[in-house]
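Close look at the chain arrangement
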Amino acid sequence: MRRRLFVAAILTASLTTACGGEDTEEPDPGPSGPRRADRAEPLFRGGRRASAQNPAFSPDGRSLLFTVFEDGYNEGAAALRVLPLGGDGGTPGAAPRTLIDEKDKAAVNLPGSSWNPGGEVAFASDRAGDSRDEIWVLKPGGRPTRVTEHGGPSGYLEPSFSPDGTWIVFQESVEREGSGDRAALGSLWKVRRDGSRATKLLDGPATRSDNRQPNWSPKGDRLVFQRRDEDGEDWALYVMDADGSGLRRLTRGAGEHTDPSWSPDGRSVVFSSTAGGLELPQIFVIPADGTGAPVRVTRNPDTYDGAPSWSPDGRWIAFESHEGGEDRPSSLWRIPAPRS
């Protein structure tokens, strides 16, 4: 299972002995370790092949959920791990612990609002054994609980918890005949935590659009996601009400605007973008009401920076980063969030 079919981010990550690899996972020394010119600081880096992706802060800001792909960016089996953080919400406090690692299966979280207040995390996985991706939830130390079950060739991906933990919004990926990413159309759904009341919010095939990576706002009233018109070149960010109404475009201009999630006060959206003709995407922030221009946060022309998540205290943005092409494995970083 691949988390995203479009271009995205990464640097270097690792395999644990639990995965059967030769590399070892270690948290980065954080602020005491190497920094970039843009003040970004490493949080986690590892070995030669595995790719650390999709950072998502816990509600208390003291842990960081992420996905480790064993064979490189979006390649091979994938495990979920949690990196303990220190009191400042950013410095690693210990080595990451494994939530789920099933060798030949993929368990993948969404950057942004992946946790509910009860400490459960939502993820997509093909662990049921039929090669079809479904939505699951897992409380650290517990066993996975299946939320969705559906037929047909589509996959259910990119789950995001509502702030009260009662709903999950997700993407249904539908492949058409064609080649590559542009052959896909995605619809957006929401479902109750117990699997009931599945509701389609946005129909990709009917609107001839590909809709992905929905993230719930802190108040639970809105969703932000990325959208591309059928056979289009560029991704844009859109916002809509949690019932599927009130659709409006957030970003303008050419480029790939992807990976959106919210600031803790709901006033801003952080995302990855090639705005301004960048060769490699960087992290940007834009007002959620669409009244202002994007503000660039990371400034490192040699790396792809993506999959950003804002810390609950508003101080930090965590993201994944890699050098050069998308086949490079990724590491996790943090950077101070811009002041509003």
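Residues numbered from 1 in each chain as written. Predicted model: local features only at pLDDT ≥ 70, side-chain atom pairs only at ≥ 80, totals over all residues. Heavy atoms only, no water.

Right, let's talk about the overall build of the protein chain for a bit. Check the secondary structure of the protein chain and you find one helix and 25 strands. Across the 340 residues of the protein chain, 59% fall into the buried class. In the protein chain, of all internal contacts separated by at least 6 residues, the share reaching a separation of at least 24 is 48%. In the form shown here, the protein chain has an accessible surface area of approximately 13200 Å², with 45% of it arising from carbon and sulfur atoms. (Helix = DSSP H or I, 4+ residues; strand = E, 2+ residues; numbered from the N terminus. Buried < 20%, exposed > 50% of the residue type's maximum accessible area, 1.4 Å probe, protein only. Contact = heavy atoms within 4.5 Å. Areas by Shrake-Rupley, 256 points an atom, 1.4 Å probe, with all protein chains shown as cover.)

A few words now on the pattern of salt bridges. According to the stated counting rule, one finds 13 salt bridges in the structure shown. Its salt-bridge partner being arginine 81, residue aspartate 101 comes within 3.3 Å of it at the nearest N-O pair. Note that aspartate 101 is positioned in the loop between strand S6 (97-100) and strand S7 (107-108) and arginine 81 in strand S5 (residues 78-84), a separation of 20 residues in sequence. The class of arginine 81 is buried, set by a relative accessible area of 0%. Taken together, the salt bridges that share partners define one network made up of Arg36, Asp38 and Asp305. (Salt bridge = Lys/Arg side-chain N within 4 Å of Asp/Glu carboxyl O.)

What follows concerns the side chain of serine 58. Examined against the element boundaries, serine 58 turns out to sit in the loop between strand S3 (51-57) and strand S4 (63-69). Classification of serine 58 by relative accessible area gives buried; the value is 3%. A polar side-chain atom of serine 58 sits 3.4 Å from the main-chain amide nitrogen of arginine 62. Once you skip the residues sitting within four places of it in the chain, serine 58 turns out to touch Ser63, Trp115 and Pro312. (Polar contact = N/O pair within 3.5 Å; in protein donor to acceptor, adjacent residues only side chain to side chain.)

Turning next to the sheet that holds S7. Ordered in space as S7-S8-S9-S10, the four strands form an open sheet in which the pairing is antiparallel. The two strands at the open ends of the sheet, each matched to only one other strand, are S7 and strand S10 (145-146). Of the strand pairs in this sheet, strand S8 (residues 121-125) and strand S9 (residues 134-138) are connected by five bridges, and their pairing is antiparallel. Bridging from a neighbouring strand, serine 125 pairs with glutamate 134 of S9. (Pairing = 2+ DSSP bridges.)

Below, the discussion takes up the side chain of glutamate 120. By secondary structure assignment, the location of glutamate 120 is in the loop between S7 and S8. A polar contact is formed between the side chain of glutamate 120 and the side chain of asparagine 116, at a distance of 2.8 Å. A distance of 2.9 Å separates polar atoms of two side chains, one belonging to glutamate 120 and the other to arginine 193. Contact partners of glutamate 120, with chain neighbours within four places excluded, come to Ser114, Trp115, Val137, Leu138, Lys139, Phe161 and Arg193.

Looking at the protein chain as a whole, its pLDDT mean stands at 87, while 84% of the residues score no less than 70. Between residues 1-24, whose pLDDT stays under 50, and residues either more than four places distant or in other chains, the model counts 130 contacts. (pLDDT = per-residue confidence, 0-100.)

Notably, lysine 103 is not glycine yet its phi reads approximately 65 degrees, a positive angle. Looking at lysine 103, the relative accessible area reads 45%, which means it is partly exposed. Located in the positive-phi region is aspartate 231, a residue other than glycine, with phi close to 60 degrees. By the element assignment, aspartate 231 lies in the loop between strand S16 (222-229) and strand S17 (236-241).

Once that is clear, we can look at the environment of aspartate 234. Counting through the fold element by element, aspartate 234 comes out in the loop between S16 and S17. The partly exposed category is assigned to aspartate 234, whose relative accessible area is 37%. Not counting chain neighbours up to four residues away, the residues in contact with aspartate 234 comprise Arg227, Arg228, Ala254 and Gly255. Among the polar contacts listed, one links the side chain of aspartate 234 to the backbone nitrogen of glycine 255, at a separation of 3.5 Å.

Moving on to the sheet that holds strand S21 (residues 282-287). Think of a sheet as strands paired side by side through backbone hydrogen bonds, with each pair either parallel or antiparallel. Pairing is antiparallel across the open sheet formed by four strands, whose spatial order is S19-S20-S21-S22. Strand pairing shows two members of the sheet lacking a second neighbour, strand S19 (257-262) and strand S22 (295-296), which therefore form its edges. In the sheet, strand S20 (residues 268-273) pairs with S21 via six bridges, with the strands oriented antiparallel. By the bridge assignment, valine 270 is partnered in S21 with valine 285.

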